[in-house]
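Residues per chain, in single letters:
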Amino acid sequence: KFRVIGGVRLEHSTQNLSSFYKIAVGNKDSVFVDRNQLDFLPAINLNYEISESMNLRLAASQTLTRPSLREYAPFTFYDFQFQGDVTGNPDLERALIQNYDIRWEWFTNPGEVISVSAFYKSFDNAIEETIIPTSSNFKKTFTNAQGTAFNYGVEFEFRKSLEVISESLSNFMFNMNLALINSQIEVKQVNKIDKRAMWGQSPYTLNLGLFYTNTDWGTTVNLGYNVYGKRIIQVADVQRFNFDDPHVYELARNVVDLSVSQSIMDNMEIKLAAKDLLNEKAVWEQNGKTVS
């Protein structure tokens, strides 16, 4: 009843960033980044078969995230949406992430599942946006978090045929996925520590789907709904505001998508996709006031 899958990924990486012209910036010469790293990325998965239709899964792994070229490069450009300068940080380190998951799943029928999961992620050197003050305007850059950041939560998944209601609905399938997430990170902004949720991380996400499939007609219809909780879309300079939590948040927004596929021959299909049917405005808010 037990099955174990384990292994380790050994990864060597080189990131090099230098100027075409021989220049010096601060205490650096024309070579801004020259890093060679060797990483061991172990992973283990344990599956216990409770019954023929029910499993308990445990997993642990280490992954990583490397800075992108734009996050590294000491090159400044003006962001018209942000209305400030954006510059890279050549001192960035890659982030290591430890992942832990436990999942109970029950396959009630072919194609159907009910599951509950819990997860925990720990980040060393997590890469985040931050803002540094300048004499003229705001400047946005990237930095590694202070200490360890974390992200944990629970996830519920439910996929069920509507045949349980009526045999006439046997071609319909309903799907729901709900994740509740808590995150915390500390980022240094000049002389102050900003302790908050991770940049871009919503406290919840909800996905609903209604699917219709008719193999005799070759017809498939998917209707989907998605919403996520408000998340930090722009990191603010906490030293420049006289109120708590000055970050700019993107508020929750309801999104409905529809797609229809129709087979017209054995090797040809026509598909129609309509996205964001509700066309709700994306609202950014700071300190309870709409800013965009």
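This text gives an overview of the structure that appears in the document.

What counts and how
- Think of each chain on its own: its residues are numbered from 1, step by step along the sequence as written.
- Whole-chain, interface and lining totals are the exception, using all residues; otherwise, since this is a predicted model, local features are given only for residues with pLDDT of at least 70 and side-chain atom pairs are given and counted only at 80 or more.
- The side-chain numbers reported here are obtained from all heavy atoms of the structure, hydrogens and water having been left aside.
- Two distance rules govern patches: like charges are joined within 9 Å, and nonpolar side chains (Val, Leu, Ile, Met, Phe, Trp, Tyr) within 5 Å, applied only to residues with over 30% relative accessible area and no salt bridge.
- Computed by Shrake-Rupley with a 1.4 Å probe, the accessible areas treat only the displayed protein chains as cover when residues are assessed.
- Salt bridge criterion: a side-chain nitrogen from Lys or Arg within 4 Å of a carboxyl oxygen from Asp or Glu.
- Secondary structure is summarised from DSSP: a helix means a run of H or I of at least four residues, a strand means a run of E of at least two, and numbering begins at the N terminus for each.
- Exposure classes here rest on a 1.4 Å probe applied to the protein chains alone. A residue is buried below 20% of its type maximum, exposed above 50%, and partly exposed in between.
- Whether two aromatic rings pair depends on their centres lying within 6.5 Å, for rings of Phe, Tyr and Trp, where Trp uses its six-membered ring; planes under 30 degrees apart make the pair stacked, over 60 edge-to-face, and the rest tilted.
- Here, a charge over a ring is recorded when the distance from Lys NZ or Arg CZ to the ring centre is within 6 Å and its angle to the ring normal is within 35 degrees.
- Residues enter a nonpolar core if they are buried and are Ala, Val, Leu, Ile, Met, Phe, Trp, Tyr or Cys, with the set joined through side-chain atoms within 4.5 Å.
- Contact definition: two residues touch when any of their heavy atoms are within 4.5 Å.
- Paired strands, as defined in this entry, are two strands with at least two bridges between them according to DSSP.

### Focus on a nonpolar patch on the surface
Here comes step 1: Nonpolar side chains collect at one region of the surface, where Val8, Leu10, Leu38 and Phe40 lie side by side and expose about 440 Å² of accessible area between them.
Here comes step 2: At the level of secondary structure, the elements contributing two or more residues to the nonpolar patch comprise strand S1 (2-18) and strand S2 (31-51).
Here comes step 3: Mapped onto the fold, phenylalanine 40 is located in strand S2.
Here comes step 4: Among the residues examined, phenylalanine 40 registers a relative accessible area of 52% and is labelled exposed.

### A closer look at the packing of aromatic side chains
Geometry of an aromatic ring pair is reported as the spacing of the ring centres plus the angle between the planes.
Here comes step 1: Across all of its chains, the model carries eight aromatic pairs by this definition.
Here comes step 2: Considering the side-chain rings of phenylalanine 150 and tyrosine 152, the 5.8 Å spacing of their centres and the 25° angle between planes classify their relative orientation as stacked.
Here comes step 3: Overall, the relative accessible area of 35% leaves tyrosine 152 in the partly exposed class.
Here comes step 4: Ring geometry for phenylalanine 158 against phenylalanine 174: centres 6.4 Å apart, planes inclined by 55°, an arrangement best described as tilted. Linking phenylalanine 158 in strand S10 (residues 148-161) with phenylalanine 174 in strand S11 (residues 172-189), this pair joins segments that are 16 residues apart in sequence.
Here comes step 5: Under the relative-accessibility criterion, phenylalanine 158 is labelled partly exposed at 28%.
Here comes step 6: Members of the aromatic cluster, joined through ring pairs, are Tyr120, Phe150 and Tyr152.
Here comes step 7: Of note, lysine 230 hangs over the ring of tyrosine 249, and the distance from its end group to the ring centre comes to 4.7 Å.
Here comes step 8: When the ring centre of tyrosine 228 is taken as origin, the NZ or CZ atom of arginine 231, which lies over that ring, is 4.1 Å away.

### Describing the nonpolar core
Here comes step 1: One finds Leu17, Phe32, Val33, Tyr72, Ala73, Val86, Leu92, Ile127 and Phe142 forming the largest nonpolar core, which totals nine residues.
Here comes step 2: Those residues in contact with leucine 17 that lie beyond four places of it in its chain are Ser30, Val31, Phe32, Val33, Leu69, Tyr72, Ala73 and Pro74.
Here comes step 3: One finds Ala126, Ala149, Val187 and Met198 within the second-largest nonpolar core, a separate group that totals eight residues.

### Focus: the pairing of S11
Here comes step 1: Summarising the sheet, S10 and S11 pair through twelve bridges and their orientation is antiparallel. Bridge assignment links phenylalanine 156 to a residue of S11, and that residue is leucine 178.
Here comes step 2: Note that S11 and strand S13 (residues 204-214) share nine bridges and pair antiparallel. Across the sheet, phenylalanine 174 pairs through a bridge with leucine 210, a residue of S13.
Here comes step 3: Relative to strand S12 (residues 192-196), S11 is paired through five bridges, and the arrangement is antiparallel. Bridging across to S12, isoleucine 185 finds its partner in arginine 196.
Here comes step 4: A loop of two residues connects S11 with S12, the two strands running antiparallel in sequence, and valine 190 in this loop sits at a positive phi of about 55°.

### Topic: the environment of glutamate 71
Here comes step 1: Relative to the helices and strands, glutamate 71 is located in helix H1 (residues 69-72).
Here comes step 2: Taking the C-alpha atoms as reference points, glutamate 71 and leucine 162, 91 residues apart in sequence, are found 48 Å from one another.
Here comes step 3: In this structure glutamate 71 touches Gly88, Asn89, Leu92, Ile127 and Phe142, once residues within four positions along its chain are discounted.

### As for the pattern of salt bridges
A pair can form between side chains of opposite charge whenever their charged atoms are brought close.
Here comes step 1: A full pass over the atoms with the stated rule returns 15 salt bridges.
Here comes step 2: The residue lysine 160 makes a salt bridge to glutamate 112 at a minimum N-O spacing of 3.0 Å. Here lysine 160 is found in strand S10, whereas its partner glutamate 112 is found in the loop between strand S6 (95-106) and strand S7 (113-124), with 48 residues between them in sequence.
Here comes step 3: A salt bridge links arginine 196 to aspartate 194, with the shortest nitrogen-to-oxygen separation between them at 2.6 Å. Note on accessibility: arginine 196 and aspartate 194 belong to one class, buried.
Here comes step 4: In the salt-bridge network here, residues are joined through shared partners; they are Arg57, Arg103, Glu105, Glu157 and Arg159.

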